[in-house]
Amino acid sequence: MIEHKIYRYKKLKSTNSKTAELQAIERLPEFSVVITSKQIAGRGLLNNAWESENNKNLTFSMVLYPKFIEVQNQFTLTFVVSVAISDVLKKYIPNIRIKWPNDIYYGDKKMTGILIENTIIGNKILYSIVGIGVNVNQTKFISDAPNPTSMKLLTGIEFDTEKLLNDIIDAIIFRYNQCEMGGFENIYKEYHDRLYRIGEEHCFRDKTGNFKGQIIKVEKTGHLVIIDSENKQKRYSLNEIRFFI
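My aim in this report is to walk through the structure given alongside it, one point at a time. It should be emphasised that the depicted structure is a prediction, and the values quoted were computed from it without experimental measurement. (Residues numbered from 1 in each chain as written. Predicted model: local features only at pLDDT ≥ 70, side-chain atom pairs only at ≥ 80, totals over all residues. Heavy atoms only, no water.)

Things to note about the pairing of strand S5 (residues 58-64)
Then step 1. Where burial is concerned, most of S5 is hidden: 7 out of the 7 residues are buried.
Then step 2. Across the two faces of S5 the burial is the same, with Leu58, Phe60, Met62 and Leu64 and Thr59, Ser61 and Val63 all buried.
Then step 3. Strand direction decides the pairing type here: strand S2 (residues 33-39) and S5, joined by 3 bridges, are antiparallel. Bridged to Ile35 within S5 is Phe60.
Then step 4. Note that S5 and strand S9 (residues 124-134) share 7 bridges and pair antiparallel. Considered in S9, the bridge of Leu58 is made with Val134. (Buried < 20%, exposed > 50% of the residue type's maximum accessible area, 1.4 Å probe, protein only. Helix = DSSP H or I, 4+ residues; strand = E, 2+ residues; numbered from the N terminus. Pairing = 2+ DSSP bridges.)

Examining unusual backbone geometry
Then step 1. Here the residue pair Trp100 and Pro101 is connected by a cis peptide bond, since its omega of 5° sits within 30 degrees of zero.
Then step 2. Relative to the assigned elements, Pro101 resides in the loop between strand S6 (97-99) and strand S7 (103-106).
Then step 3. Located in the positive-phi region is Asn239, a residue other than glycine, with phi close to 70°.
Then step 4. Among the structural elements, Asn239 can be located in the loop between strand S13 (233-236) and strand S14 (242-243).

Some words on the environment of Asn239
Then step 1. Given the relative accessible area of 63%, Asn239 is considered exposed.
Then step 2. Between the alpha carbons of Asn239 and Lys5 there is a distance of 34 Å; along the sequence they are 234 residues apart.

Shown next as structure tokens:
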């Protein structure tokens, strides 16, 4: 197991923001983690808020230096991290799914969110900050989020967040190293095996309006590919398509 340094805080606005602040002062060792018991202004993808009750969940960020990933392939980290987290969570909750791009779902309810922020210079990723929020023991949600759930709500079990944290860290390191050693295709396959709603007909909304279609894949660039009811193939980047839950 690779040693990782953990920076612990009782309260933070955002673990990603704090990690960036620390990184600006001194280069953090790879796989360093910044974690807080209470995150008061957590950020999700596309600046969505992330609700987390004090001492009930996991809210943390990890630093990576993915020199082996080219800038045009930066979505590779999303494949790696989402598969790694699902590796751990599916041990406790079977049939979890990865909702494109990187949320972890059970049924139509969201259990985990991931926010990856890359610092890029030229054509290289200088470093990546991977923010992770896992709803673990929280049972009441008061925000406007339409579909949150937690591990405890799904199982009735109170989980040891420290053990879960270490398991997730180890899983990310394992999948990250697997990718660096040439195992990306396996990770890519696992992502699709766990992809939410793949091959099922559902309703979506894009700039042209509502339509029915089936997800057929996520390209290695991160684009979502859907075939609509008229057998037309459509390709989307983030914020260009909406799922109806």
